[in-house]
Amino acid sequence: MSKEYNISVIPGDGTGPEVVAEGIKVLKAVADKCGFNLQFRHYNLGGEHYKATGEILPDNVLESLAVSDAIYLGAIGHPDVKPGILEKGILLKLRFYFDQYINLRPVKLYEGVNTPIKDKGPEDIDFVVVRENTEGLYVGAGGCLKLGTPDEVAVQESINTRKGVERCVRYAFEYCRKRNKQKKLTLCGKTNVLTFAFDLWERTFNEIAKEYPDIETDYAHVDAICMWMVKNPEWFDVIVTDNMFGDIITDLAAMIQGGMGIAAGANINPDGVSMFEPIGGSAPKYTGKQVINPIAAILAAQIMLETIGEPGAASLIEEAVIKVLRDDLKDIAAGKMGYTTKEVGDLVVEHIERE
Ligand code: IPM
Ligand code: MN
């Protein structure tokens, strides 16, 4: 009997459903080709569902997601819902509940894709950000005092645990070794100001580094990383950083790889259920117009297959995407591709079937 995987699908808000539909189409095509089965189960969560029912992420859904092999997520965020409710209640809740402590964000400029960085090409922009995904400023520690008065106080604390930092740093070293490119791991921090949090990060990083003599290590402050990412992106191989800095630098990184339309990410628990998503938002203004680029969602599906143990099928997806980006799409931006969302999915499938 061929292998079977149960994939939970949360299309979510805005353009999420449109891009996820293309990802599923591509997943089905490679599964057929490689001889394994994928069972998809859809969950209706997000802004519309919340507005209609008041429900955000019920416990029975969590229980059901827990027994699947992976979660495939479109986008979360709705213009009629106050910012934070859905993001915290669905996206962050899932990351925390499933202890997906790694947020893996590959940054790769593919041939045929424009970068705003002058004189840099695919050979210069190819690195991976390993973002800690369950601690830091994202834990929601803090509170308000005298809310809404002139004496108001707001506190938001960054929580960093030795265990949390160590497992993230260790993952980054292992990943860097396995990736086997420059074999260089850069810690991105702010040791000159955040002298408690990044002291813990730096000490942990330097200790773990001793176990990886084959990996060159480097350190840069987060502000400097932003500068180097624009000036000398070729310096980076793997970057490891905390949750907040990782959030910020990966939006910058997404721009230098061509845009949100092709930036994919994975929320990984190496011993549990992981979740895969395009890193862009729900893009309300493009919703339902079939103009959004599904490549980020398709590349998220690629990382999913790699992570659940189908690297051959994952490579087929990447090879097909490479061809579509190089030979077919006019531009990767929404509305400028020369094809609809669905047609881009079809092109990827055609290349897979021809391979
Ligand atoms: C991301 C997003 C989320 C984050 C938001 C939507 C909560 O920006 O995945 O990068 O900050 O992690
Ligand atoms: Mn972000």
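First, a word on what this report is: a plain description of the structure on this page. All figures in this text were calculated on a predicted structure; none of them were measured in a lab.

## Structural notes on the overall build of the protein
A count of helical and extended segments in the protein gives 11 helices and 12 strands. Rg of the C-alpha trace for the protein: 20 Å, near the compact-globule value of 20 Å for 355 residues, within the 12% margin. For the protein, the spread of C-alpha atoms along the three principal axes comes to 55 × 50 × 45 Å. Here the protein holds 355 residues, and 52% of them are scored as buried. Accessible surface, the protein as shown: approximately 15700 Å² in total, 52% of it carbon and sulfur. Computed over 38 positive and 52 negative side-chain charges, the separation of the two mean positions in the protein equals 1 Å.

## What about the packing of aromatic side chains?
To describe a pair of aromatic rings, you give the distance between the ring centres and the angle between the ring planes. What the rule picks out here adds up to 9 aromatic pairs. Here the aromatic residues Phe173, Phe205 and Tyr212 are joined through ring pairs into a cluster of three or more. When the ring centre of Tyr138 is taken as origin, the NZ or CZ atom of Arg131, which lies over that ring, is 5.1 Å away.

## Brief notes about the sheet that holds strand E3 (residues 70-75)
Taken in spatial order, the 10 strands make up an open sheet running E2-E1-E3-E12-E11-E4-E5-E10-E8-E9, and their pairing is mixed. The open sheet has two edge strands with one neighbour each: strand E2 (37-42) and strand E9 (216-221). Pairs of neighbouring strands in the sheet enclose a mean axial angle of 25°, with direction left out of account. Direction of pairing for strand E8 (residues 184-189) relative to strand E10 (residues 238-241): parallel, over a ladder of 4 bridges. Across the sheet, Cys188 pairs through a bridge with Thr241, a residue of E10.

## Side note on the layout of surface pockets
In this structure, the largest pocket spans a volume of roughly 820 Å³. Every residue lining the largest pocket is counted, 31 residues in all, and those nearest its centre are Leu104, Pro106, Tyr175, Ile303 and Glu306. Elements with a minimum of two residues in the lining of the largest pocket: strand E4 (102-108), strand E5 (126-132), helix H5 (162-179), strand E11 (264-268), helix H9 (295-308) and helix H10 (311-328). With 6 residues, the single largest contributor to the lining of the largest pocket is H9. Per-class residue counts for the lining of the largest pocket are 16 nonpolar, 6 polar and 9 charged. Put simply, the second largest pocket is a space of about 360 Å³. If you trace the second largest pocket, you find 20 residues lining it, with Leu91, Arg95, Arg105, Asp247 and Ile279 closest to the centre. Looking at the lining of the second largest pocket, the elements with two or more residues in it are E3, helix H4 (85-97), helix H8 (243-256) and strand E12 (275-278). Counting residues per element, the lining of the second largest pocket draws most heavily on H4, which supplies 4 residues. Tallied by class, residues from the lining of the second largest pocket come to 9 nonpolar, 4 polar and 7 charged.

About the criteria used
- Residues numbered from 1 in each chain as written.
- Chains lettered and ligands numbered in written order.
- Predicted model: local features only at pLDDT ≥ 70, side-chain atom pairs only at ≥ 80, totals over all residues.
- Heavy atoms only, no water.
- Helix = DSSP H or I, 4+ residues; strand = E, 2+ residues; numbered from the N terminus.
- Rg over C-alpha atoms; globule rule 2.2 N^0.38 Å.
- Buried < 20%, exposed > 50% of the residue type's maximum accessible area, 1.4 Å probe, protein only.
- Areas by Shrake-Rupley, 256 points an atom, 1.4 Å probe, with all protein chains shown as cover.
- Lys, Arg positive; Asp, Glu negative; His and termini not counted.
- Charge placed at Lys NZ, Arg CZ, Asp CG, Glu CD.
- Phe/Tyr/Trp six-rings, centres within 6.5 Å; stacked < 30°, edge-to-face > 60°.
- Lys NZ or Arg CZ within 6 Å of the ring centre and 35° of its normal.
- Pairing = 2+ DSSP bridges.
- Axes fitted to C-alpha atoms, helices over the stretch in contact; angles between N-to-C directions.
- 1 Å grid on protein atoms, 1.4 Å probe; cavity = no way out; pocket = protein on both sides within 12 Å on 5 of 7 lines; lining within 4 Å.
- Points joined across faces, edges and corners; volume = space filled by probe spheres on them.
- Nonpolar A, V, L, I, M, F, W, Y, C, P; charged D, E, K, R; others polar.

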